[in-house]
Structure formats: C-alpha cells, structure tokens
Amino acid sequence: MLGIDNIFELIFLAGFIAGSVIRKVYTFKCRHGKAVKKHKSVVDIILISAGGVGMVLPLFYLFSPWLNFADYHLPGWLGWIGTAVFAMALLLLWRSHADLGRNWSAILRIRQEHSLVTGGLYRHIRHPMYAAHLLWAIAQGLLLENWLAGWAFLIVFVPLYLVRVPKEERMMLEQFDEQYRQYVSRTGGIIMRFWK
Ligand code: SAH
C-alpha cells in the first residue's frame, strides 16, 4: 500500500534516514585528501550503481504504488529480528566510518596520506563496513513485505562484495605489503576470527 503501513516500515525508514545521515557526515569529512591510486572499472560502477538502486527501491515501495504487485506477507517476529539486524548494521556502519576516518572512499582508492587502520573494529575484521551493508540488506528483506524492495539490495550486494573484496585486498597488499600480509593473517574478512 502507499505510505507507512506498519511499524516495521516505520523502523526501516528511520534506520534508512539514520544510515544516510551517518554516510553524509563522513563523506563530508572525507571530502579533502587527494587520491594517489584509483581502481575504477566499468563492473565496479555498474555494481555500485545497482547497489544504490537496491538501497533506494524501498522509498519507491513506500511512497508509490509501482511495486505493490510484488507484495507478500511475513510473520511479525521476522520483523523484530530485522529490527535487531538493522540496529547492528547501523552500529557497524557508524563505527567503521569512525575507525577508517579519512581513509574511507566509495570507490577503491589510496589517498595521499593513507594509513593502514588496524584498530577499533578493524582489529578483528577487515571488512566491517561491508558487513554493515550485508546486515542492512538482510534487515531490508525482513522489514519490508515486498519481494523487490525487500531483497533487491541483497541480490546486488553479494556479487558486489565478491568482485570488490579481492580487488581491494590486492590494492592494499600492493600499498602496505608485509604490514597488510600480517594484518590479513590475524583477522577475519567479514566475520570475526577466533583462531590464530
Ligand atoms: N573494506 C573495508 C573498507 C571499505 S571502504 C570495510 O568493509 O570496512 C573502501 C576503502 O577503504 C578502500 O578504498 C581502501 O583504500 C580503504 N581501506 C580498506 N581497509 C582499510 C584499512 N584497514 N585501513 C585503511 N584503509 C582501508
């Protein structure tokens, strides 16, 4: 239906706004700082753009009738799980931005004064921000009762992650060499590592 129909759509909208504010604040903070290396390919641009569409499709779902044909019903308890997952996603997004500071960039790049961050969340996992996006994508599906608006982001995020992470790690290895090699050996990718 058109507009906010239930508590989970309201929770999604509130989380979406909070996540957008976090991203905007840190994009502003990172606006200076030139790139010395950029890794941009057509596949990256297509996948990042598709990811953006997957993230904003819920707004079309909530405020237009265009996606109503894909509505379905989910039990309420899944919505509460989605709420907890979304809260976790936002916490990870905020903390990973705070930890990465000015080293962050939407496309893969090494900045002029780039340093390897190994503290905060990065002490345990190398990709907390991608973990945040994955949790966001799952939460979106659990909060919105619509096949398209709910799951589009997850469907795009998985290939984006699979294409991007090896490239990013190769770039970091080129830049930080042994320091990064050692960092990889003691951390998990997207999930915390409990073994040496
Ligand atoms: N993969 C990380 C960061 C995503 S942002 C995460 O999921 O949290 C992508 C940019 O972050 C890349 O352009 C790369 O230059 C930078 N980056 C990734 N890991 C980093 C680290 N440990 N220290 C500094 N910069 C890093």
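Above this text sits the structure in question.
Residues numbered from 1 in each chain as written. Predicted model: local features only at pLDDT ≥ 70, side-chain atom pairs only at ≥ 80, totals over all residues. Heavy atoms only, no water.

Chemist: What exactly am I supposed to notice about helix 2 (residues 42–63) here?
Modeler: Residues three or four positions apart in an α-helix share a direction because the helix packs 3.6 residues into each turn. The first and last C-alpha atoms of helix 2 sit 31 Å apart over 22 residues, in line with the 32 Å expected at 1.5 Å per residue. Taken together, the buried positions of helix 2 are Asp 44, Leu 47, Gly 51, Gly 54, Met 55, Leu 57, Pro 58, Tyr 61 and Leu 62. Buried-residue contacts for helix 2 involve helix 1 (7–29), strand 1 (35–39), helix 4 (128–143) and helix 5 (147–186). (Helix = DSSP H or I, 4+ residues; strand = E, 2+ residues; numbered from the N terminus. Expected span 1.5 Å × (residues − 1). Buried < 20%, exposed > 50% of the residue type's maximum accessible area, 1.4 Å probe, protein only. Contact = heavy atoms within 4.5 Å.)

Chemist: Sorry, what's going on with a nonpolar patch on the surface here?
Modeler: Where nonpolar side chains cluster on the molecular surface, the patch consists of Ile 4, Ile 7, Leu 10, Phe 63 and Trp 80 and spans about 510 Å² of accessible area. Mapped onto the elements of the fold, Ile 7 is located in helix 1. What makes Ile 7 partly exposed here is its relative accessible area of 45%. (Patch = residues over 30% accessible without salt bridge, like charges linked within 9 Å, V, L, I, M, F, W, Y side chains within 5 Å. Areas by Shrake-Rupley, 256 points an atom, 1.4 Å probe, with all protein chains shown as cover. Salt bridge = Lys/Arg side-chain N within 4 Å of Asp/Glu carboxyl O.)

Chemist: Please explain the pattern of salt bridges as it appears in this structure.
Modeler: Between side chains of opposite charge, a pair can form as their charged atoms come close. Counted under the stated rule, the structure contains 6 salt bridges. The salt bridge partner of Asp 177 is Arg 181, with a shortest N-O separation of 3.3 Å. Linking Asp 177 with Arg 181, this pair stays in helix 5, spanning 4 residues, or about one helical turn. Overall, the relative accessible area of 43% leaves Arg 181 in the partly exposed class. Taken together, the shared-partner salt bridges in this structure form one network comprising Asp 177, Glu 178 and Arg 181.

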